Amino acid sequence: MQAKTATYLTFSLLMVGFLTLNSSAQTNNVIATNSQSSSLNCQKEAYTDLQQMNPRKAILDLMPLYAHDVRLSLTQANNAKKAARDLAWIGRALLFDENEIAAVSVLSMAHRLAPDDLAITASLIDNCSRAGYPERAAALIAECKNKQDLELIKVQAMIALRETAPLKARKLLEEYALDPALSKNAANDAGFAITKARCTLRNGLQEAAVKQFKEAAQVNNNRYVSLLWKAAALALEEKPGEQELGEQNRLERIKILKEAGTIVEGDPVWHNDLAIAYGHHDHSAAKEQAKLALHSKRFTSRSYYTMSFDLQNEQKYELSEKYIEHVIKLRPRSAEAQFSLSRPLRRQKKLDQAIAAIKKGLTFNPKAGSARVDLINLLIEQKKDDEAFKEIQTMNQLCPEFIGGWRKLGDAYRKQKRWTESLAAYQKALSLVSNKYDDLNVLAKNEIGQIHAGMGFIYYAQEDKSKALEEAKIFNSLKFIVHLANGLQLLNLRPDHIVLSQLKKEREIQEHILLGDMLFETKSYSESLSEYKEAEKINDDDADLHTYILNVCVESGQWQDAIHEDLSLSQVLVKSAPAKLGEFFKKQFAH
């Protein structure tokens with residue numbers, strides 16, 4: 001694997017080279033006598049370079065301008081700000097190659113030259129956060145307290161998302177947009193629009209996010225980036241179980257991404273997104289695009305993560321690790337890279353190494369809630385329950401808005417049979433859901449469903465069947481179910497979404513099934529089996545019900561019961577085969 005080198009030169013070497021030019025006639029030739037006109041030309045060229053995703057050329061265009069402006073600033077105070085702006089552009093170019101550490105160095109110099117320039121301060125804050133310096137980012141934000149600047153708001157919102165505080169991010173953006181004196185700045189700002197879309201998505205509002213991604217694409221004056229956002233909106237529109245719509249969207253995404261490729265040939269982002277769009281539908285085309293992304297003219301870690309993930313699916317774990325290790329060489333303080341490294345390690349059962357990778361990543365972003373959940377799961381897998389519980393408490397202190405953290409605490413207390421504390425933790429998690437359940441995406445619904453399942457188990461354990469059943473109904477309405485294409489699934493291992501019957505006998509069966517499924521979700525297998533058996537007493541001829549029971553027996557390792565249930569299921573299937581096959585073919589012809 002050949003290392004990317006686009007802008008991965010140390011910035012000090014670049015500075016030495018160009019400041020040497022500053023003392024020669026060469027710089028004077030670059031910046032002509034009419035310095036204002038030449039400066040504008042240098043800036044336009046650099047801007048065009050960045051529009052074309054060519055950060056190295058942008059830096060080469062900007063360095064002579066910086067050398068000229070910094071020399072003038074020694075004699076003319078007003079030129080210090082010009083030099084600072086030059087450095088800010090160089091910092092932005094470095095970030096296009098994900099060289100955050102060099103960008104922090106450059107932007108720190110710019111900040112010292114122009115400490116009152118809020119745009120430069122915002123860029124420095126963002127890069128400190130990206131480069132794994134969260135304390136410095138927090139200190140700079142504190143210095144800017146009560147300063148209502150658009151760039152600062154966008155950066156603070158993105159940092160809040162990185163720190164698992166989606167409600168905080170949403171509040172920041174909404175308050176800014178609602179202020180009449182400030183809202184005009186945000187109205188046609190593509191950066192604000194895309195930040196809002198990402199924030200909406202992280203709050204679980206997928207349909208609203210799709211609309212906002214499309215709106216962001218409309219206001220973006222960079223055609224290439226606009227097309228990438230349109231393709232992202234189409235990807236978000238896909239819904240599990242709607243294969244026809246998903247295929248239409250996928251083909252449209254491919255078309256849009258190929259168009260993007262005609263604007264900026266060889267850029268890794270469109271190649272990488274195209275590889276994902278091809279996916280398992282055209283694996284050879286996906287592989288080809290993934291390779292092109294890796295060997296593009298600029299570096300992006302996303303292309304390495306995509307290749308690594310694909311290799312993990314092929315069980316090529318050691319090779320998968322190498323791709324992420326390469327990212328770590330170029331981004332040594334990247335929390336995301338360390339978290340990504342933990343996944344192939346875990347799949348190889350290298351649990352100590354996986355834990356070490358997550359812990360290292362958390363030094364660069366201590367408030368990464370999802371990574372802390374991964375760490376907790378690994379500790380539980382190693383039977384280190386006390387350490388896992390301490391991590392849960394730490395997570396909730398650092399990430400008080402993270403629903404997953406409070407759910408984990410509820411689960412931990414539930415396993416300890418501390419019912420009151422468990423319910424309080426679950427209720428805290430639910431208090432952080434700021435939208436109607438129907439508005440949330442399937443992942444958010446599923447997580448909230450698991451919270452209701454946990455609460456339902458507690459009521460069940462307390463012999464409050466009425467409350468337990470109410471929680472079971474909510475869980476059933478929210479849980480994620482995979483439907484195979486064209487009705488290819490003759491039997492279901494677990495119940496589908498249930499609409500309660502008005503008929504007493506059928507409703508009674510359904511209620512036992514609802515409770516059984518909810519208890520299965522909490523791994524309470526004996527209680528789950530008991531409820532399914534109660535349903536079986538009422539109707540012994542339901543093939544699906546026998547499948548649910550068989551599934552519980554297999555999951556809980558009750559092999560004798562599983563064998564018995566398998567025989568019962570076979571007998572029921574023989575009797576019900578004509579009806580089942582008739583229903584199956586009806587679904588086939590319907591498609």
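None of these values were measured; they are calculated from a predicted model.

Chemist: Describe the overall build of the protein, with residues and values.
Modeler: Of the regular secondary structure elements, the protein holds 31 helices and zero strands. A burial count over the protein gives 51% of its 591 residues as buried. Long-range pairs, those at least 24 residues apart, make up 58% of the contacts in the protein between residues at least 6 apart in sequence. Accessible surface for the protein amounts to roughly 29,300 Å². Of this, 53% is attributable to carbon and sulfur atoms.

Chemist: Any chance you could break down the side chain of serine 528 for me, citing the residues and the numbers?
Modeler: Mapped onto the elements, serine 528 comes out in helix H29 (residues 525–538). Looking at serine 528, the relative accessible area reads 0%, which means it is buried. When near neighbours in sequence (up to four residues on either side) are disregarded, serine 528 contacts Gly516, Leu519, Phe520 and Val552.

Chemist: Outline the packing of helix H24 (residues 403–415) against helix H25 (residues 419–431), supporting the account with residue identities and numerical values.
Modeler: The N-to-C vectors of H24 and H25 enclose an angle of 165°; their axes lie 8 Å apart at closest approach. With respect to H25, the axis of H24 lies roughly antiparallel. Two packed elements cross with a definite hand, and for H24 against H25 that hand is left-handed. Within the contact between the two elements, H24 uses Ile403, Trp406, Arg407, Leu409, Gly410, Asp411, Tyr413 and Arg414 and H25 uses Trp419, Glu421, Ser422, Ala425, Tyr426, Lys428 and Ala429.

Chemist: Residues and numbers for the pattern of salt bridges, please.
Modeler: Following the criterion strictly, the structure yields 33 salt bridges and no others. The residue glutamate 391 makes a salt bridge to arginine 372 at a minimum N-O spacing of 3.0 Å. Of this pair, glutamate 391 sits in helix H23 (residues 385–398) while arginine 372 sits in helix H22 (residues 369–381), and the two are 19 residues apart along the sequence. Neither glutamate 391 nor arginine 372 differs from the other in exposure class; each is buried.

Chemist: Tell me what's going on with the packing of aromatic side chains, and back it up with residues and numbers.
Modeler: A complete count under the given rule lists seven aromatic pairs for this structure. Between phenylalanine 389 and tyrosine 413 the ring centres are 5.6 Å apart and the planes differ by 70°, which places this aromatic pair in the edge-to-face class. In this pair, phenylalanine 389 sits in helix H23 while tyrosine 413 sits in helix H24, placing the two residues 24 residues apart along the sequence. Each member of the pair, phenylalanine 389 as well as tyrosine 413, is classed as buried.

Chemist: Go over the confidence of the model for the protein, please, and point to the residues and values.
Modeler: Should pLDDT be low for a region, the predicted coordinates there are not to be read in detail. Per-chain confidence: the protein averages 86 in pLDDT, with 83% of residues scoring 70 or above. Low pLDDT, under 50, characterises residues 5–34; the stretch is placed with 48 contacts to residues that sit more than four places away or in other chains. Long-range and interchain partners of residues 584–591, a stretch whose pLDDT sits below 50, account for eight contacts in this model, where long-range means more than four residues apart.

Chemist: Explain helix H6 (residues 100–113) to me, using residue names and the numbers behind them.
Modeler: Given a rise of 1.5 Å per residue, 14 residues ought to cover 20 Å, and the 20 Å separating the end C-alpha atoms of H6 matches this to within 8%. Residues of H6 that are buried: Glu100, Ala102, Ala103, Val104, Val106, Leu107, Ser108, Ala110 and His111.

Chemist: Could you give me a rundown of helix H19 (residues 317–330), with the residues and numbers involved?
Modeler: For H19, spanning 14 residues, the distance from its first C-alpha to its last is 21 Å, which sits close to the expected 20 Å at 1.5 Å a residue. Of all the residues in H19, the buried ones are Tyr317, Ser320, Glu321, Tyr323, Ile324, His326, Val327, Ile328 and Leu330. Where H19 is buried, its residues meet helix H17 (283–294), helix H18 (301–313) and helix H20 (335–347).

Chemist: Tell me what's going on with the environment of isoleucine 358, and back it up with residues and numbers.
Modeler: Counting through the fold element by element, isoleucine 358 comes out in helix H21 (residues 351–364). Isoleucine 358 sits in the buried class, given a relative accessible area of 1%. When the C-alpha atoms of isoleucine 358 and alanine 337 are compared, they prove to be 9.4 Å apart, with 21 residues separating the residues in sequence. Excluding its chain neighbours within four sequence positions, the residues that come into contact with isoleucine 358 are Phe339, Ser342, Ala371, Asp374, Leu375 and Leu378.

Chemist: Which residues make up a nonpolar patch on the surface, and what values go with them?
Modeler: Side chains of Val442, Leu443, Phe480 and Val482 sit close together on the surface and give an oily, nonpolar patch of about 380 Å² of accessible area. For phenylalanine 480, the position within the fold is in the loop between helix H27 (465–478) and helix H28 (504–521). With relative accessibility at 39%, the residue phenylalanine 480 sits in the partly exposed group.

Chemist: Residues and numbers for the packing of helix H5 (residues 79–96) against H6, please.
Modeler: Closest axis-to-axis distance for the H5/H6 pair is 8 Å, and the angle between their directions is 165°. Taken as axis vectors, H5 and H6 run roughly antiparallel relative to one another. Where H5 crosses over H6, the handedness of that crossing is left-handed. Residues Ala80, Ala83, Ala84, Leu87, Ala88, Ile90, Gly91, Leu94 and Leu95 of H5 touch H6, and the partners they reach there are Glu100, Ala102, Ala103, Val106, Leu107, Met109, Ala110 and Leu113.

Chemist: Tell me about unusual backbone geometry, and please be specific about residues and values.
Modeler: Here lysine 383, not a glycine, exhibits a phi torsion of approximately 65°, which is positive. The topology assignment puts lysine 383 in the loop between H22 and H23. Taking relative accessible area as the criterion, lysine 383 reaches 70% and is therefore assigned exposed. Unusually for a residue other than glycine, lysine 417 sits at a positive phi of about 60°. If you trace the backbone, lysine 417 turns up in the loop between H24 and H25.

Chemist: So what's going on with the environment of serine 556? Residues and values would help.
Modeler: By the element assignment, serine 556 lies in the loop between helix H30 (543–555) and helix H31 (559–590). Residues serine 556 and tyrosine 525 lie 31 residues apart in sequence; the distance between their C-alpha atoms is 6.3 Å. A polar side-chain atom of serine 556 sits 2.7 Å from the main-chain carbonyl oxygen of valine 552.

Conventions adopted
- Residues numbered from 1 in each chain as written.
- Predicted model: local features only at pLDDT ≥ 70, side-chain atom pairs only at ≥ 80, totals over all residues.
- Heavy atoms only, no water.
- Helix = DSSP H or I, 4+ residues; strand = E, 2+ residues; numbered from the N terminus.
- Buried < 20%, exposed > 50% of the residue type's maximum accessible area, 1.4 Å probe, protein only.
- Contact = heavy atoms within 4.5 Å.
- Areas by Shrake-Rupley, 256 points an atom, 1.4 Å probe, with all protein chains shown as cover.
- Axes fitted to C-alpha atoms, helices over the stretch in contact; angles between N-to-C directions.
- Parallel < 35°, antiparallel > 145°, perpendicular 65-115°, else oblique.
- Left-handed = near helix turned anticlockwise from the far one by under 90°.
- Salt bridge = Lys/Arg side-chain N within 4 Å of Asp/Glu carboxyl O.
- Phe/Tyr/Trp six-rings, centres within 6.5 Å; stacked < 30°, edge-to-face > 60°.
- pLDDT = per-residue confidence, 0-100.
- Expected span 1.5 Å × (residues − 1).
- Patch = residues over 30% accessible without salt bridge, like charges linked within 9 Å, V, L, I, M, F, W, Y side chains within 5 Å.
- Polar contact = N/O pair within 3.5 Å; in protein donor to acceptor, adjacent residues only side chain to side chain.

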